[in-house]
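These are the residues of each chain, in order.
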Amino acid sequence: MVVRLGGYARISLDRDGEELGVDRQMADYRQMAAARPGWTVVRDYIDNDLSAYKKNVVRPEFEQLLADLKAGILDGLIAYDLDRLWRQPRDLERLIDIFEERKSLIFSTVSNDYDLSTSDGQMMARVMAAAAKKASDDTARRVARKHRELADSGKNGGGFPPFGWKADRITVDPVQAELITKAHDALLSGTRLSTITAEWQEKGIRTSRNTGKPITRVALKGILTNPRLAGFRAVKRQKHIGPDGKPVMGVWEPICTPERLDAVVAVLEGVKTQYKANNLSNNHKYLLSGILRCAECGTRMMANMRASWKEGSKGSRFMYRCPASKDGGCGKVSRAGEPLDLYIINLIHDAEARLNAPTVEPAEWPGAARFSEVEQEISELISAMNGKKISAATAIAMLEPLERERDELGYERNRHSVEQAKAAAAVVDLSEEFERLPIERQRAVVMKHIRAVVVRPAGRGARKFNPDLLEVVWAA
Ligand SMILES: [Zn+2]
């Protein structure tokens, strides 16, 4: 019986600082597998990951290995040691879950440390993972504590000297400080931030002596609202609160008073809120506003609620209309909103489905021909050996590479059918997913496929929605 194993190797610095190359890891586990009857490594999963404890580092091959174990494509896994496999205790838990679910899976490591397919092995692995995690947390905590001590004492952190101070980060730079003071004055008397940004850009002022980038609106806002201007020690642009619950004051000369800083922040935050509100009201609330065009005059059609519509009443809640002539349209064409939206959504749905499933028929597995060839060759070899046409030694020597190829192809074939099933499921989910998207995202999906929809007049008394009166201009 063939036991299909996934081999996992990871480039990593050992906890002792000693590196074990991937080739070594692979050679070792392959050698171990070869010694067991039927064991075949059908695929190597190799991740390059030097940061053992860094969170949110994706290990694509580890993820693939888990997926293949879950999907039943593999009968087990083999690795150099357990340390290669888990990075965070939660990786270990995910592995253990799979081995709990599929009791027949094989778990094997060259160093033969803990066997995750047994409950004793799981317990020992958890104890070990917790201990290693604690050691790393202690290091992280030491570093964080050092930063906090610096901040608590109001001392400068690292990095470039902030705008407004000299290189010692303590003495005020008179030229830069004056620029800041004047900008504060201007803001408080109603000048817009973008105007000040333009002035600074014209003067050729740069963000910092070290980076020397031209000033931007965002950079200027950061400079003018920096808590350290009023003497506050800041961590990530927020006032740092000390152990006594009060903001910590820095050891440097301030440039303005706390009250003045608060006033500037209020002005700039106010601007931001207002800007946001305007932006929101300008946003399209309807799926096809501006995408539809009047066939009579070419103007973009906009939507509005029907004044006559009430909760529970029949007909459309909103209409798309060509604007009246005073607003640049002809006002002659309008269309009920809901059926038109629905019609276009169905078109988009079909277009997306075509996009996601490039072929209508399930794609044929490209290795099928070779797979049956290999199987055929194997059975011919075996019957030749049984019929004493060739010696057993010759037959076995020829069999081994063929068997290996068959196992690798078998993995590919199973992988292929899992992908096919996934692709089929993705197409079905699409319309539901579309419904859940916010309107801006829905519009983006529509515009990915459609450049415009030309709407022809429906004629007097035409009540029923008629798709023949639409002309869809597809995106190239
Ligand atoms: Zn028109």
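The structure this text deals with has already been given above.
Residues numbered from 1 in each chain as written. Predicted model: local features only at pLDDT ≥ 70, side-chain atom pairs only at ≥ 80, totals over all residues.

Enquirer: Is there a simple way to explain the sheet that holds strand S12 (residues 470-474) in this structure?
Expert: Strand pairs in the sheet, formed through backbone hydrogen bonds, run parallel or antiparallel to each other. Spatially, the 3 strands line up as an open sheet ordered S7-S11-S12, and their pairing is mixed. At either margin of the open sheet sits one strand with a lone partner, and together these are strand S7 (292-294) and S12. Neighbour to neighbour, the strand axes of the sheet diverge by 25° on average, direction disregarded. As defined by bridge partners, strand S11 (residues 450-455) adjoins S12 across 5 bridges and the pair is classed as antiparallel. Bridge assignment links Val453 to a residue of S12, and that residue is Val472. (Pairing = 2+ DSSP bridges. Helix = DSSP H or I, 4+ residues; strand = E, 2+ residues; numbered from the N terminus. Axes fitted to C-alpha atoms, helices over the stretch in contact; angles between N-to-C directions.)

Enquirer: I would appreciate a short explanation of the sheet that holds strand S2 (residues 39-48) in the present structure.
Expert: Spatial strand order, S2-S1-S3-S4: 4 strands in an open sheet with parallel pairing. In this open sheet, the two strands that pair with only one neighbour each are S2 and strand S4 (106-109). Neighbour to neighbour, the strand axes of the sheet diverge by 20° on average, direction disregarded. On top of the sheet, helix H1 (residues 22-34) reaches strand S1 (3-11), S2 and strand S3 (76-79); it is set at about 160° to S1, its chief contact. (Contact = placed C-beta atoms within 7 Å.)

Enquirer: Explanation requested: the nonpolar core in the structure shown.
Expert: Generally speaking, soluble globular proteins have nonpolar side chains that are buried together. By size, the foremost hydrophobic cluster in this structure holds 30 residues, and its most contacted members are Leu5, Tyr8, Leu77, Ile78, Ala79, Leu95 and Leu116. Broken down by secondary-structure element, the contributors of at least two residues to this core are S1, H1, S2, helix H2 (60-71), S3, helix H3 (82-85), helix H4 (89-101) and helix H5 (119-152). For Ala79, the residues in contact, after removing those within four places along its chain, are Gly7, Tyr8, Ala9, Tyr29, Arg84, Leu85 and Thr109. (Core = buried A, V, L, I, M, F, W, Y, C linked by C-beta atoms within 7 Å. Buried ≥ 20, exposed ≤ 12 C-beta atoms within 10 Å, placed from the backbone.)

Enquirer: Can you help me understand H2 in this one?
Expert: Each α-helix winds once per 3.6 residues, and so residues spaced three or four apart point in a common direction. Look at H2: 16 Å from first C-alpha to last across 12 residues, which is about the 16 Å you get at 1.5 Å a residue. Burial in H2 covers these residues: Phe62, Leu65, Asp68 and Leu69. In an axial view of H2, the angular spread of the buried residues amounts to 125°, which keeps them on one side of the axis. Along its buried surface, H2 packs onto S1, S2, S3 and H4. Two residues or fewer past H2, Gly72 is found with a positive phi of approximately 80°. (Expected span 1.5 Å × (residues − 1). Arc of directions from axis to C-beta.)

Enquirer: I would appreciate a short explanation of unusual backbone geometry in the present structure.
Expert: Unlike most non-glycine residues, Arg169 shows phi in positive territory, near 65°. Mapped onto the fold, Arg169 is located in the loop between H5 and helix H6 (174-188). Accessibility expressed as a C-beta count within 10 Å gives 17 for Arg169, which makes it partly exposed. Phi at Lys388 takes a positive value of approximately 60°, unusual for a residue other than glycine. Locating Lys388 in the fold gives a position in the loop between helix H11 (368-386) and helix H12 (392-436).

Note that all results are geometric; they support no functional claim without further evidence.
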